[in-house]
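A structural walkthrough
Given next are the chains, with one letter for each unit.
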Amino acid sequence: MRSENINSGNTIQENIPTEILCYTSCLPEGSTKQISFMELLLNENWANGQIICSEEVYSHVGNRNQLITAKQNYEFLLRAALQYPIKAIGSPSAASYSSFQSVSTDDSWNSYLTDCYIAGKYQKELAAAGYFHPVIKNLLETALQFPKPENAVSFLEKMLSYSSEFYTIDDDIQPILLLKSSEACYNVMSLFIDELAKALRLCRQRIEVFDVTKDSLSLEQFTQRRFKAIIGIQTSLINSFTGRKYLIVLDHPINMYGHFTCSSKDCYLLAHDRNYLSFARRYFRDFKDYFYFPPAGTPLDDVSHTSLASTIPKQYGITFMGTYHNYRQALAAIYSYPRSYRLFAARFLHSMRRNPDFPAEKAFVEVLDALCLTLSDNEFLNMFAAMKPVTDCIIAYFREKIIRTLLDAEIEIHVYGDSWEAAPFSNHKCLVHHPALPMDESLEAIQKSKISLNIMSWHKDGLTERILNPMLCQTVVLSDKSTRLEEEFVDGEDIVLFDLARTECLPEIVRHLLSDENYLGHLARNGYRKAVEKHRWCHRAQLLLDFMSIYRKESTVRDGSI
């Protein structure tokens, strides 16, 4: 069990009891005393020394409140004292420790703000013990010491009445709610939620997960509560909540057009492709802000809880984990359009095929310009959404073209799932079929491979787990280009990139890779190193907390703001 000195930030490994230890100069050296919640509430000096507690405490009570700028240890310890025993231990050196707090130009003012918040939060406990009126009297007397006592009194009143200002502060110590609402994509989104929850807990956040498909609790039992944040992946369920919401999208935003139109202004949009964020800023302006947030990679050991990642030998040459989609079916849908739409769709499809490095919206605008068409924002969105079969078609077309090119060059490819039975080349001698796999087994299959082929679903400035998972499995990634990939990795050093406009070069690239085991090892090690250093779920959890901290600063009460 891990323990930590909260004030110094140093971590040590030792077995400690579930109680919280407070080293204090308030007791003779070596003596001990159990401190009750009320004793702590009435005497903050118990929290002024070194505090040691297990990681379990953080998972139940959360970390320090970042929206108070003084006495953060004291406020944290009060929450902990409601669930865990507190033991004070006399130590002369404890006086050298001070309560963790932000640097402030006016400590007395910030201490007063914290005292008001604590008085408001625990006013029922104070009243039950007969201390409410003396505490409030003391705070009112303290208010007179400030240049603007009316502001101090006003803040106290807001804390006691549980106004919006109170909840702005209090929400920072509430749980983060993660929504699990889909079993689609081979359970990938559920895995993302599970991994993000685990990583956020390691960041000392209180976490709750609501699985709409399995949870016995009703949605209303969650929507009526307050949370530090609500996080969902491509789910309209997030619209049922009030509070700070973070919606993660894994596809082009146009695919959630209907959900976005009713988005509330307290929702943030997170996407793994910067083109998607630019598109959303232009056409979906109701979001509070927009953040680049790619999925992380998941090491095999994290999912299987074994050491398989370091022991599985490389048995396969090249593996492709994607599914097969017949672009001819998308063409049939396009042919069913009214004539004017059908002609536009044909031009749009031609533009994307001719310019495979264009984001879909850029190719769409190119066709509008060529036809001298001017659309309002709503008309643009409606027509672009109606053209989804075109983007589906071009994605499937290039996927089939790439696989067929490799097969025709007598390069063996391992594929997974029944969808490949419908491919026109399903009986090709070099196409090796495997059953569909859950995430943990798919990572094991990737680990068995020397090369993991990735074909972007038209993410022209994005990064996905299809890149990072193989890297964490120490498998070489071969992918079509994206601007973000070219910035994040070095082609030929960490990853191997190819151009969709030159797929005929792929066989030579693959043969060269498979013929040089030393070079494959060099690529795999470099990719693994970068993924480990920057692209695990612990990094994404911290990135998400950084997003939240940006708006904490806006909410923090400062002198003169009340």
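Our subject in this report is the structure included herewith. (Residues numbered from 1 in each chain as written. Predicted model: local features only at pLDDT ≥ 70, side-chain atom pairs only at ≥ 80, totals over all residues. Heavy atoms only, no water.)

Our next topic: the environment of Arg 244. Tracing the chain through its elements places Arg 244 in the loop between β9 (229–233) and β10 (245–249). A sequence separation of 24 residues divides Arg 244 from Tyr 268, and the C-alpha atoms of the two residues are 7.9 Å apart. (Helix = DSSP H or I, 4+ residues; strand = E, 2+ residues; numbered from the N terminus.)

Listed in full, the buried residues belonging to helix α17 (residues 377–386) are Phe 380, Leu 381, Met 383 and Phe 384. Buried residues in α17 make contact with α11 (257–260), α12 (274–283), α15 (339–354), α16 (360–370) and α18 (388–408). (Buried < 20%, exposed > 50% of the residue type's maximum accessible area, 1.4 Å probe, protein only. Contact = heavy atoms within 4.5 Å.)

So, on to the nonpolar core. In terms of nonpolar packing, the biggest core is built from 98 residues, with Phe 348 and Leu 453 touching the most fellow members. For this core, the element with the most residues is α18, which contributes eleven residues. Here Phe 348 is in contact with Ala 360, Ala 363, Phe 364, Val 367, Phe 384, Met 387, Val 390 and Thr 391, once residues within four sequence places are set aside. One finds Cys 22, Phe 37, Tyr 58 and Cys 116 within the second-largest nonpolar core, a separate group that totals 46 residues. (Core = buried A, V, L, I, M, F, W, Y, C linked by side-chain atoms within 4.5 Å.)

Applying the stated rule across the entire model yields 28 salt bridges. A salt bridge links Asp 115 to Lys 71, with the nearest nitrogen and oxygen atoms 2.8 Å apart. Remark: Lys 71 occurs in the loop between α2 (55–61) and α3 (72–81) and Asp 115 occurs in helix α4 (residues 107–121); sequence separation between them is 44 residues. Note on Asp 115: relative accessible area 22%, which makes it partly exposed. Residue classification places Lys 71 among the buried positions, given a relative accessible area of 9%. Of the charged contacts, one joins Asp 377 and Arg 282 as a salt bridge, the two residues approaching to 2.9 Å between their closest N and O atoms. Linking Asp 377 in helix α17 with Arg 282 in helix α12, this pair joins segments that are 95 residues apart in sequence. Residue Arg 282 is classed as partly exposed on the basis of its relative accessible area, which comes to 38%. One salt-bridge network, held together by shared partners, links Arg 274, Asp 461, Arg 484, Glu 487, Glu 488 and Lys 534. (Salt bridge = Lys/Arg side-chain N within 4 Å of Asp/Glu carboxyl O.)

What the six strands build is an open sheet, ordered β8-β7-β9-β10-β11-β12; its pairing is parallel. Strands with a single pairing partner mark the edges of an open sheet, and in this sheet they are β8 (207–211) and β12 (289–292). Recorded for the sheet is a direction-independent mean angle of 20° between the axes of neighbouring strands. Pairing of strand β11 (residues 267–271) with β12, which is carried by four bridges, proceeds in the parallel orientation. When the bridges of β12 are listed, Leu 269 appears paired with Tyr 290. The sheet strands contacting α12 are β11 and β12, and the helix crosses β12 at an angle near 175°. (Pairing = 2+ DSSP bridges. Axes fitted to C-alpha atoms, helices over the stretch in contact; angles between N-to-C directions.)

Moving on, we get to the packing of α4 against helix α6 (residues 132–143). Running from N to C, α4 and α6 point in directions that differ by 155°, and their axes come no closer than 11 Å. Taken as axis vectors, α4 and α6 run roughly antiparallel relative to one another. The hand of the α4/α6 crossing is left-handed. Here Tyr 112, Asp 115, Cys 116 and Ala 119 of α4 lie close against α6, whose contacting residues are Val 135, Ile 136, Leu 139, Thr 142 and Ala 143. Its residues assigned to classes, the contact of α4 with α6 shows seven nonpolar, one polar and one charged. (Parallel < 35°, antiparallel > 145°, perpendicular 65-115°, else oblique. Left-handed = near helix turned anticlockwise from the far one by under 90°. Nonpolar A, V, L, I, M, F, W, Y, C, P; charged D, E, K, R; others polar.)

Next up on the list: the sheet that holds strand β14 (residues 413–416). In any sheet, the strands associate via hydrogen bonds between backbone groups, in a parallel or an antiparallel arrangement. Strand order in the open sheet made by the six strands is β15-β14-β13-β16-β17-β18, with parallel pairing throughout. Of all strands in the sheet, those with a lone pairing partner are β15 (431–434) and β18 (496–498), marking the two edges. The mean angle between the axes of side-by-side strands here comes to 25°, regardless of whether they run parallel or antiparallel. Of the strands in this sheet, β13 (316–320), β14 and β16 (449–454) are in contact with helix α19 (residues 439–447), which crosses β16 at around 115°.

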